[in-house]
Amino acid sequence: MTNELAGKVAVVTGGASGLGEGLVRRFAAEGARVLIGDVDEDRGKALAAELGDNTAFLFTDVSDVEQVGHLVSTAVDTFGGLDVMVNNAGVSGRMHRRFLDDDLADFDTVMRVNVRAVMAGTRDAARYMSEHGGGSILNLTSIGGIQAGGGVMTYRASKAAVIQFTKSAAIELAHYEIRVNAIAPGNIRTAIVAKSASPEERERIEEFEAGIRAQMRNDRPLKREGTVEDVAEAALYFATDRSRYVTGTILPIDGGTVAGKVIVRKPK
């Protein structure tokens, strides 16, 4: 580790597990003081305790915009500032085999967590950063917001909205030296889908997800599996001054999936 974030303060929503945990660990290893916001109090507190005094946890339900604002103000009060805001918390919504079977019952929840919370986190962080020399805001989207496909339509729509919002916010906030970028992971193994399934659906969801992952693996140019560490490495780039001239960018971390399908060449 090179201590690239020494002296920096970062907030990571959804930071108690999955991709968020990976980002928290990498940021802390690089010298940042990190505030974790999550609804999983047990895991969040345990992670903060493991990583030491420069990491803290605050119970935060990002579907409540007031709690998002409180997370930002707590980072400033606890660590003396805010340099990096990562809007990572997200939900996938219920899986349906066909869109015709989707009752859209989870629409409001998915949009509150995946879109409104990102907008609120960006706004609240920018309010502080605009008066303190700028900063970096990183939003987590998905290749599902870039590449069309069947299944989880509300999730895809929410992640596409994050992409458009990120670009728009980047344009407006550049005046304050605030950079706004997004990472679009693809086929990274986390528990987001399983968490959205009921116990009786778990076996069916896992079988369905396994089939989707096999299809994505076949279509992906790079055959190795992506990892949480791959996403954390990209997040570190956007969090540091190495990306000081980069804003409004959407970076897929997907092994080349959105570039196009692999061409199978027949032997001569």
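Residues numbered from 1 in each chain as written. Predicted model: local features only at pLDDT ≥ 70, side-chain atom pairs only at ≥ 80, totals over all residues. Heavy atoms only, no water.

## What about unusual backbone geometry?
The backbone of Asn3 shows a phi angle near 60°, a positive value even though the residue is not glycine. Position of Asn3 relative to the elements: it lies in the segment before β1 (9-13). Exposure remark for Asn3: the relative accessible area of 46% places this residue in the partly exposed category. (Helix = DSSP H or I, 4+ residues; strand = E, 2+ residues; numbered from the N terminus. Buried < 20%, exposed > 50% of the residue type's maximum accessible area, 1.4 Å probe, protein only.)

## Here's the deal with the pattern of salt bridges
By the definition in use, this model includes 12 salt bridges. Note that Arg43 and Glu21 form a salt bridge whose closest N and O atoms lie 3.5 Å from each other. Of the two residues, Arg43 is situated in helix α2 (residues 41-51) and Glu21 in helix α1 (residues 18-29); the sequence distance between them amounts to 22 residues. Taking the relative accessible area as the measure of exposure, Arg43 reaches 43% and is therefore partly exposed. Residue Arg25 pairs with Glu50 through a salt bridge whose shortest N-O separation is 2.8 Å. (Salt bridge = Lys/Arg side-chain N within 4 Å of Asp/Glu carboxyl O.)

## Some points on the sheet that holds strand β5 (residues 135-140)
Pairing is parallel in the open sheet, where seven strands are placed in the order β3-β2-β1-β4-β5-β6-β7. Looking at strand neighbours, the two that pair on one side only are β3 (55-59) and β7 (250-253), the edges of this open sheet. With strand direction ignored, the average angle separating the axes of adjacent strands in the sheet is 20°. In the sheet, strand β6 (residues 178-185) pairs with β7 via four bridges, with the strands oriented parallel. Within the sheet, the bridge partner assigned to Pro185 lies in β7 and is Ile253. Running at roughly 155° to strand β2 (residues 33-38), helix α3 (residues 65-79) makes contact with β1, β2, β3 and β4 (84-87) of the sheet. (Pairing = 2+ DSSP bridges. Axes fitted to C-alpha atoms, helices over the stretch in contact; angles between N-to-C directions. Contact = heavy atoms within 4.5 Å.)

## Notes on the domain arrangement of the protein chain
Split by domain assignment, the protein chain resolves into domain 1 (9-189 + 226-253) and domain 2 (191-224). When each unit is reduced to the centre of its C-alpha atoms, the spacing between domain 1 and domain 2 is 22 Å. (Domains from an automatic or database assignment.)

## Side note on the side chain of Lys159
For Lys159, the position within the fold is in helix α5 (residues 153-173). A polar side-chain atom of Lys159 sits 3.1 Å from the main-chain carbonyl oxygen of Leu140. (Polar contact = N/O pair within 3.5 Å; in protein donor to acceptor, adjacent residues only side chain to side chain.)

## Considering α5
If you check α5, its first and last C-alpha atoms are 30 Å apart, about what 21 residues at 1.5 Å a residue would give, namely 30 Å. For α5, every residue scored as buried is listed here: Thr154, Tyr155, Ser158, Lys159, Val162, Ile163, Phe165, Thr166, Ala169, Ala170 and Leu173. Elements that come into contact with the buried residues of α5 comprise α4 (107-129), β5, β6 and β7. (Expected span 1.5 Å × (residues − 1).)

## Observations concerning the environment of Gly93
Checked against the element boundaries, Gly93 lands in the loop between β4 and α4. Given the relative accessible area of 12%, Gly93 is considered buried. Taking the C-alpha atoms as reference points, Gly93 and Val152, separated by 59 residues in sequence, lie 6.8 Å from one another.

## Describing the side chain of Ser158
Assignment of secondary structure puts Ser158 in helix α5. Its relative accessible area of 0% is what places Ser158 among the buried residues. A polar contact of 3.1 Å, which involves the side chain of Ser158, links it to the side chain of Asn114.

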